[in-house]
Amino acid sequence: MPHHDLQWILEHGKLRLTTPPVLYHCEPIWSWNVDSLPEHALLLVLEGRGQLTVNGAASDLRQGICYFLKPGSKVAAQQNPSYPLFLFLARFDILDTNGKLAALPPGERPFHSVFIRKVRSLETLAELVVSHRSNDPLFQDAINMLIRLLVEEAARHAGDFDSNAYEALHAIENDLARKWTVAALAQEAQMPRGAFARSFRRMMNEPPIHYVIRRRMEEAKRQIQQSSLSIEEIAINLGYSDLSYFRKLFLERIGYPVESIRENREF
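Residues numbered from 1 in each chain as written. Predicted model: local features only at pLDDT ≥ 70, side-chain atom pairs only at ≥ 80, totals over all residues. Heavy atoms only, no water.

### A closer look at the environment of Val 130
Mapped onto the elements of the fold, Val 130 is located in helix α2 (residues 120-131). A C-alpha to C-alpha distance of 8.9 Å links Val 130 and Phe 88, two positions 42 residues apart in sequence. In contact with Val 130, other than residues within four places in its own chain, are Pro 21, Val 22, Leu 23 and Phe 88. (Helix = DSSP H or I, 4+ residues; strand = E, 2+ residues; numbered from the N terminus. Contact = heavy atoms within 4.5 Å.)

See below:
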C-alpha cells in the first residue's frame with residue numbers, strides 16, 4: 001500500500017466510522033460480497049488464510065497482511081476452511097480538516113496492501129478500537145495509532161514480502177514446538193536454503209531461527225499470563241525439555257524472569 005495514501009489521512013483528515021469496527025473469528029462458511037463498497041475499508045488479517053477479489057483482481061488473504069479498500073470497489077472474499085480467518089474490519093469515510101467528506105489522492109488500484117511483520121502487536125490495538133465508541137477520545141487515539149503503525153510499515157518495508165518465504169512463516173506459526181532448522185523451513189518455502197534465509201531476513205528483519213525463538217517466547221508469555229498451565233508444561237508444549245535453558249531464553253527475549261510473569265501478570 002503506498003504509504004502516502006495513509007500518510008495523507010494522518011496529515012489532512014481523520015476517519016469517521018460508518019459502522020462499528022469488528023474483530024471476527026470467521027465461521028467455516030464465511031464469505032463477504034459487496035457489489036459496490038460505499039466507503040473506505042481497512043481489512044487486517046490477524047490469523048488464517050483465504051482469498052480476496054477486488055474488481056476482478058485476486059489477492060491472497062494471509063496472516064499479517066492489511067488491505068486498504070477504496071469506495072466503489074466490488075469485493076468478494078472467502079476463507080480457506082483449513083485455516084479459519086480472524087479479521088479486523090473497519091469501514092469509514094475520510095473527513096478533511098473542516099469536517100467535510102474528502103477523497104484520497106487518485107490511484108490506479110481499487111485496493112492496496114501492506115505486510116505487517118509483527119501483526120500480534122496490532123491485535124491488542126484492534127481490540128482497543130473495537131471496545132470504545134467512536135466519540136470516545138481513546139478510540140480516535142487508537143485508530144490513529146493503528147493507521148500510523150501501518151504507515152510506518154508501508155514506508156520502511158515496502159516490497160519485502162515474499163510469498164514463498166511466507167509459507168515457512170505460516171508453517172512456524174502452526175507448529176511452534178517443532179525443532180525447526182533452516183533447511184526444513186527452506187523446504188516449506190520450496191526455496192534453496194541460502195536464498196530462503198536471505199529472503200526471510202529481508203521480510204522479517206531477523207534470521208529464521210531467531211524468529212522461531214522469539215515467537216516461542218511470546219507465546220510462552222501469553223500462556224503464562226492467560227492459562228493455569230505450569231511453567232514446565234508450557235516449556236514442554238513449546239519444544240523445550242530443558243527447563244533451565246527455557247528460563248534463560250525467556251529472560252533474554254522477554255526481559256523478565258519467567259516466574260515474575262506468573263507472579264505479577266500485569267507485565
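### A look at the packing of helix α4 (residues 163-174) against helix α5 (residues 182-189)
Axis separation between α4 and α5 bottoms out at 7 Å; the angle between their running directions is 120°. Classed by the angle they form, the pair α4 and α5 counts as oblique. For the pair α4 and α5, the sense of crossing is right-handed. Of the residues in α5, those in contact with Asn 164, Ala 165, Glu 167, Ala 168, Ala 171 and Ile 172 of α4 are Leu 185, Glu 188 and Ala 189. For the contact of α4 with α5, the class distribution of residues is six nonpolar, one polar and two charged. (Axes fitted to C-alpha atoms, helices over the stretch in contact; angles between N-to-C directions. Parallel < 35°, antiparallel > 145°, perpendicular 65-115°, else oblique. Left-handed = near helix turned anticlockwise from the far one by under 90°. Nonpolar A, V, L, I, M, F, W, Y, C, P; charged D, E, K, R; others polar.)

### Considerations on unusual backbone geometry
The bulk of non-glycine residues show a negative phi, and the bulk of peptide bonds are trans. Its identity is not glycine, yet Asn 55 carries a phi of approximately 50°, on the positive side. Position of Asn 55 among the secondary structure elements: in the loop between β5 (49-54) and β6 (57-62).

### Brief notes about the packing of aromatic side chains
Within this structure, the stated rule accounts for seven aromatic pairs. Taking the centre distance of 6.3 Å and the plane angle of 80° together, the rings of Phe 115 and Tyr 166 count as edge-to-face. Note that Phe 115 is positioned in strand β10 (residues 111-115) and Tyr 166 in helix α4, a separation of 51 residues in sequence. Accessibility classification places Phe 115 together with Tyr 166 in one group, the buried group. Ring pairing ties together the aromatic residues Tyr 240, Tyr 245, Phe 246 and Phe 250, which thus form one cluster. (Phe/Tyr/Trp six-rings, centres within 6.5 Å; stacked < 30°, edge-to-face > 60°. Buried < 20%, exposed > 50% of the residue type's maximum accessible area, 1.4 Å probe, protein only.)

### Quick look at the pattern of salt bridges
One pass over the structure, following the stated rule, counts 12 salt bridges. The salt bridge partner of Glu 188 is Arg 178, with a shortest N-O separation of 3.6 Å. You can see Glu 188 sitting in helix α5 and its partner Arg 178 sitting in the loop between α4 and α5, a full 10 residues away along the chain. We classify Glu 188 as partly exposed; its relative accessible area is 34%. Given the relative accessible area of 35%, Arg 178 is considered partly exposed. We note a salt bridge from Glu 259 to Arg 247, for which the minimum N-O separation is 2.4 Å. Of this pair, Glu 259 sits in helix α10 (residues 258-263) while Arg 247 sits in helix α9 (residues 243-254), and the two are 12 residues apart along the sequence. By sharing partners, the salt bridges in this structure join Glu 173, Glu 206, Arg 214, Arg 215 and Glu 218 into a single network. (Salt bridge = Lys/Arg side-chain N within 4 Å of Asp/Glu carboxyl O.)

### Let's talk about the side chain of Arg 215
Structurally, Arg 215 can be placed in helix α7 (residues 208-226). There is a polar contact of 3.0 Å between the side chain of Arg 215 and the side chain of Glu 218. Apart from the residues within four sequence positions on either side, Arg 215 is in contact with Arg 120, Glu 173 and Leu 176. (Polar contact = N/O pair within 3.5 Å; in protein donor to acceptor, adjacent residues only side chain to side chain.)

### What to know about the sheet that holds β5
Taken in spatial order, the four strands line up as β3-β8-β5-β6 in an open sheet, and their pairing is antiparallel. Two strands lie at the open edges of the sheet, namely β3 (31-34) and β6, each paired on one side alone. Neighbour to neighbour, the strand axes of the sheet diverge by 15° on average, direction disregarded. By the bridge criterion, five bridges tie β5 to strand β8 (residues 75-79) in an arrangement that is antiparallel. By the bridge assignment, Thr 53 is partnered in β8 with Ala 76. (Pairing = 2+ DSSP bridges.)

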